[in-house]
Amino acid sequence: MPTPIITTHTTTAANRRVSLIAGLILGVTATMALSAAQAADEAGKGTGSERPGAVKSAIAKTIGRVRLDGDMLAVLSAHESLRPKAIEKVDVAAARANPTIADAVNALLRKNNRSTDPAQLVPGVTSADITVQGATGPLPARVFTPAGPGPFPVVVYFHGGGWVIADRVVYDASARGIAKQAQAVVVSVDYRRAPEAKFPAAWDDALAAYRWALANGATLKGDTSRVALAGESAGGNLALATAIAARDAGLQRPAHVLAIYPVTQTSLNTESYLENAIAQPLNRAMVEWFIDKLLVDKEQLKDWRLNLVDASLAGLPPVTLISARVDPLRSDSAKMEDALRKADVLVERRDYEGVTHEFFGTAAVVEKARNAQAFAGERLRKAFGG
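Residues numbered from 1 in each chain as written. Predicted model: local features only at pLDDT ≥ 70, side-chain atom pairs only at ≥ 80, totals over all residues. Heavy atoms only, no water.

Asks: Explanation requested: the overall build of the protein chain in the structure shown.
Replies: Looking only at helices and strands, the protein chain has 13 helices and 9 strands in total. Taken across its 386 residues, the protein chain has 55% of its residues classed as buried. Put simply, the protein chain shows about 15800 Å² of open surface, and 55% of that area lies on carbon and sulfur atoms. (Helix = DSSP H or I, 4+ residues; strand = E, 2+ residues; numbered from the N terminus. Buried < 20%, exposed > 50% of the residue type's maximum accessible area, 1.4 Å probe, protein only. Areas by Shrake-Rupley, 256 points an atom, 1.4 Å probe, with all protein chains shown as cover.)

Okay, structure coming up:
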């Protein structure tokens, strides 16, 4: 049976009504659950526990069993078995040391006696660590190269992690999968992170990395006449913002922008934030923690680089948006799609049922991640003229 995928711009009116009703029910349920969980957490203050609250975890697991595909649920269960701390309860160092969804995927692979070697999971792609020029100095990066003589199109990719945690290693599977599916050289950039480098350091680095790729892509078997931008979560925001900044700086227009569950606005009261307030592996409290570490002051929430839906979008290249149904950021993608259409930018969005934030990099064990990576590759190949 084909895997069900919602493509937002072709959803029927009847389906939209059903989805809206379901969303409202889930939103009310999640809001009540969040209130109960917060009360339980408040009552438990002083215990020194850095683990997610028991009530919140129990409710999140129950909702997950109802809404998630079995393979996605297995990833979350594996992640839970690694005993992650609640990011909103710990300092930055502890948050960065937390088990990741990539760790959970590897745990599942080992459980099933499968290799965790990325080269075996994604054959035909090699990788090497290099440095690229950022806004204030060199940045670590990982280059993924398909087999063959090239030259290949180039994709500059930015990882997720709320601009605070994670790096090119954590998001290796996503960038490697894009290289395979798009048959492109992917340069995954470790931009500077907050709180050591507050907003807008990461955005400055992202634009500098794009400039570097245009000037140096040929040394990586790349064709610098065909360069795209891609990113995931916080990195999806960087990809979109870099396309705008490149336009304003008069740089070569990216061939395409691939944004996977990007942050595109700053309200935490959207439909999907309310519906998925205590979702795993990303919830509203975590986003609040990221924002607190990122900003110098709350006035920066008004900056167009965070509120992309209100930015000037005219003249951008075609955009692909990928979103997950069980994700606080789902509405960000929907709002971005609407804003791009109003600006006459070509855009296609796919919203995947039964999966969560961070699903894109789980292709080794999750079917819809494989589907999403294939879709992303198809869109990029088309943009590159393939």
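From this point, the discussion proceeds with the structure in view.
Asks: Which parts of the structure should I look at to understand the packing of helix α8 (residues 201-216) against helix α9 (residues 234-249)?
Replies: Two quantities define a packed helix pair, namely the angle between the axes and the distance from one axis to the other. At a minimum axis distance of 9 Å, the contact between α8 and α9 shows a crossing angle of 65 degrees. Viewed along their axes, α8 and α9 form a crossing whose handedness is right-handed. Together, Ala202, Trp203, Ala206, Leu207, Tyr210 and Arg211 of α8 and Asn237, Leu238, Ala241, Thr242, Ala245, Ala246 and Ala249 of α9 make up the contact between the two elements. Among the residues making up the contact of α8 with α9, the classes are represented as 10 nonpolar, 2 polar and 1 charged. (Axes fitted to C-alpha atoms, helices over the stretch in contact; angles between N-to-C directions. Left-handed = near helix turned anticlockwise from the far one by under 90°. Contact = heavy atoms within 4.5 Å. Nonpolar A, V, L, I, M, F, W, Y, C, P; charged D, E, K, R; others polar.)

Asks: Whenever I open this one, the confidence of the model for the protein chain confuses me. Can you help?
Replies: Low-confidence regions, as indicated by low pLDDT, have predicted coordinates that should not be scrutinised in detail. For the protein chain, mean pLDDT is 90; residues scoring 70 or higher make up 87% of the total. In the model, residues 1-22 has pLDDT below 50 throughout and makes 24 contacts with residues more than four positions away in sequence or in other chains. (pLDDT = per-residue confidence, 0-100.)

Asks: Sorry, what's going on with unusual backbone geometry here?
Replies: When glycine is set aside, most residues are seen to have a negative phi, and most peptide bonds are trans. The amide bond that connects Gly150 to the next residue, Pro151, takes the cis arrangement and shows omega of 0 degrees. In this fold, Pro151 is placed in the loop between β3 (138-146) and β4 (152-158). Of note, the bond from Ala194 into Pro195 is cis; its omega dihedral lies within 30 degrees of zero at 5 degrees. Tracing the sequence through the fold places Pro195 in the loop between β5 (185-189) and α8. The backbone of Arg83 shows a phi angle near 55 degrees, a positive value even though the residue is not glycine. Following the sequence through the fold, Arg83 ends up in the loop between α3 (70-81) and α4 (92-97). For Arg83, a relative accessible area of 54% corresponds to the exposed category. Positioned with a positive phi, Trp163 is a non-glycine residue whose angle comes to about 65 degrees. Along the chain, the position of Trp163 falls in the loop between β4 and α7 (172-182).

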